[in-house]
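Structural characterization, general
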Amino acid sequence: MNNLPGRLAQKILNVSDFHEAEELIAQEVNVVLKTLQNADFLEASPATQVNAVNPVTETAATPKKHAQAPAQNEGSGRQSGGPQMTALQVRPVQRMWEWIDEHVVIPQVIGSLNPGPLDTSLMPFWRGIYDAFWSKKTHFLTLACSARVGKTLFCICCVLHKKGVWPGPVLWVDPTGKTAKAFSRTELQAHIMECRPVADKAIIDKTHWTTLLMHFTGSVLRLVGGGSVADLAGYQAEMVILNETDKTKHNLKGEAATQDLALARTKQFRFTRKILENSTPTTEWGRIWSRFKAGSQEHVYLPCPHCGHKQRLTFFADEKEVPFDEEGKPLPAGTKRVEKTGRFKFDHLKREDGSYDLERVERETVYECACCQKTIDQSHQAWMLRRYELRAHNPAAPVDHRSFHIWAALSPFEGWGMIAKEFLLARGSISRMHNFTNSTLGLPFVRKDHGHQNRRHRRHDCPLAGVPAA
Ligand SMILES: [Zn+2]
């Protein structure tokens, strides 16, 4: 502990990032706390309680989902270190998804599939994405997702965590003013009211709490429609959420794109800003797919329960060059290998006349492993999800830009058989295939004159649509 302030000041001068400086201070405070725990002269008293300054540090000691925890902690503290231990607990540095699991509740009112306390362990890859978002290196995070996999919920949780843990101004950009109002009333405000640490900070009166502008102790949350970002002169935000960007229309003559205008509002927070963008893709040239391509292009890899081979799930068997080996270790710079994926298997579920038995498709569709070709039933999905890994396809991406592709097959709330049935029903119609590709596969739609993709579809008797390699 010799010369702590001097040593700390020296360390802080050597870092350039605000979060890094905060973490350093928190580490030093924890060292001091540990030392104090061993000091005999201290009496246990409430006055000796100290909170570390790191914004991710837990201040309310007990997670609500573990109601038994305080008694146990207290007991073990007494046993190991005497009474002063209870007053001088070193607070754990809490991860973002731990805070979310503890405090976020899905409101009953919005018709969610799964109301009640949020449990990120059901789709554990979101935990990896929360970690990526929280990393001090990340300033841009892009989510290219199919519908109903929780991308909006992810963004809501980021806003709640921001308001609850490290308050700062937040700007939420929805496609239009109308969708912004509807979203605020039906979803966002309901989540805020259910999240205790955030609701406690809300200033609810006629001037400070409106549909599009909400005040909290020390910060504001503002929502705008895509066309109104230009009106935000003078407003600065530390976090910007660009919701459903492919649905935002650009019809402002002579104006920069909505997203760029929103980005300009973060200049003041260059070192701490977080720009989170999500959408269901539309076309290859749409905003979200371009941003996904520009980022790290991360995919969820799950192991086969038979052979253990980790693979990216795809609806059709696919081949793509990737910059890592079978185990996910990076290949030497500039080299790539061809990765093969498995496929949804339902082509055996036909009647004698050759037509598909849709009821059996719904019940019996399985996944065929890319490696051992054995079939995987969806009952293995939870086991596979627990062993997920995120692998990046774009080693050339800027370090501050992480991008992720998430689609319906990864959700325990979507039946694999339903996905296959949806595909079979969409065949023969360009608009339905377009919708299936965007909303269910989470991929941009590509028209038929794309060589190998066309052949791949012909196998399923579908001459109309192609799906690009993700
Ligand atoms: Zn296998």
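Refer to the structure above for everything that follows.
These remarks concern the structure in this document. (Residues numbered from 1 in each chain as written. Predicted model: local features only at pLDDT ≥ 70, side-chain atom pairs only at ≥ 80, totals over all residues.)

**Observations concerning the overall build of the chain**
Of regular secondary structure, the chain possesses 16 helices and 19 strands. For the chain, the proportion of its 470 residues judged to be buried stands at 36%. Considering only contacts in the chain between residues 6 or more positions apart, those separated by 24 or more positions represent 70%. (Helix = DSSP H or I, 4+ residues; strand = E, 2+ residues; numbered from the N terminus. Buried ≥ 20, exposed ≤ 12 C-beta atoms within 10 Å, placed from the backbone. Contact = placed C-beta atoms within 7 Å.)

**Thoughts on the nonpolar core**
With 87 residues, the main nonpolar core has Val-173, Val-240, Ile-241 and Leu-410 as its most contacted residues. For this core, the leading source of residues is helix H7 (residues 151-165), giving nine residues. A domain-level breakdown of this core finds at least three residues from each of domain 2 (96-280) and domain 3 (298-395 + 414-466). Once you skip the residues sitting within four places of it in the chain, Val-173 turns out to touch Val-224, Gly-226, Val-229, Val-240, Ile-241, Leu-242, Asn-243, Thr-258 and Ala-262. (Core = buried A, V, L, I, M, F, W, Y, C linked by C-beta atoms within 7 Å. Domains from an automatic or database assignment.)

**Some points on the sheet that holds strand S15 (residues 375-376)**
Across the sheet, which stays open at both edges, the three strands sit in the order S13-S14-S15 with antiparallel pairing between neighbours. Taken across any chain shown, the strands that pair with only one partner, and hence form the sheet edges, are strand S13 (343-345) and S15. Pairing geometry for strand S14 (residues 366-368) and S15, over two bridges, is antiparallel. Looking across to S15, one finds that Glu-368 is bridged to Thr-375. (Pairing = 2+ DSSP bridges.)

**Looking at the environment of Gly-286**
Locating Gly-286 in the fold gives a position in the loop between strand S8 (274-279) and helix H11 (287-294). Residue class for Gly-286 comes out buried when judged on the 20 C-beta atoms lying within 10 Å of it. Residues Gly-286 and Pro-444 lie 158 residues apart in sequence; the distance between their C-alpha atoms is 8.0 Å. Residues within four places of Gly-286 in sequence aside, it is in contact with Asp-246, Pro-281 and Pro-444.

**Examining unusual backbone geometry**
Positive phi, normally seen in glycine, also occurs at Gln-297, with a value near 55°. Mapped onto the fold, Gln-297 is located in the loop between H11 and strand S9 (298-303). At Gln-373, a residue that is not glycine, the phi angle is positive and equals roughly 60°. Relative to the helices and strands, Gln-373 is located in the loop between S14 and S15. A tally of 12 C-beta atoms within 10 Å means that Gln-373 is categorised as exposed.

**Some points on the environment of Arg-95**
Its location among the elements puts Arg-95 in the loop between helix H4 (84-87) and helix H5 (96-103). Classification of Arg-95 by C-beta neighbours within 10 Å gives partly exposed; the count is 14. For the pair Arg-95 and Arg-127, spaced 32 residues apart in sequence, the C-alpha to C-alpha distance is 9.2 Å.

**Topic: the environment of Leu-349**
In this fold, Leu-349 is placed in the loop between S13 and helix H12 (358-364). Residue Leu-349 is classed as buried on the basis of its 20 C-beta neighbours within 10 Å. Distance in space between the C-alpha atoms of Leu-349 and Glu-362 is 9.8 Å, their sequence separation being 13 residues. Setting aside its immediate chain neighbours within four residues, Leu-349 contacts Tyr-356, Asp-357, Arg-360, Val-361 and Glu-364.

**Quick look at helix H14 (residues 416-426)**
Along an α-helix, residues three or four apart share an orientation, since each turn contains 3.6 residues. Across the eleven residues of H14, eight count as buried, placing the element largely inside the fold. Of the positions making up H14, those classed as buried are Trp-416, Gly-417, Ile-419, Ala-420, Lys-421, Glu-422, Phe-423 and Ala-426. Among the structural elements, S13, H12, S14 and helix H15 (430-440) are those in contact with the buried residues of H14. Directly after H14, the chain includes Gly-428, whose backbone phi takes a positive value near 95°.

**Some details on the pairing of strand S17 (residues 401-406)**
Within S17, five of the six residues are buried, which leaves the element mostly enclosed by the surrounding structure. Where strand S3 (residues 140-145) and S17 come together, six bridges link them in parallel fashion. Note that in S17 the partner of Leu-143 across the bridge is Phe-404. Pairing of S9 with S17 involves two bridges; the strand directions are parallel. Bridge pairing in S17 places Glu-298 opposite Phe-404.

In short, shape yes, function no, at least from these values alone.
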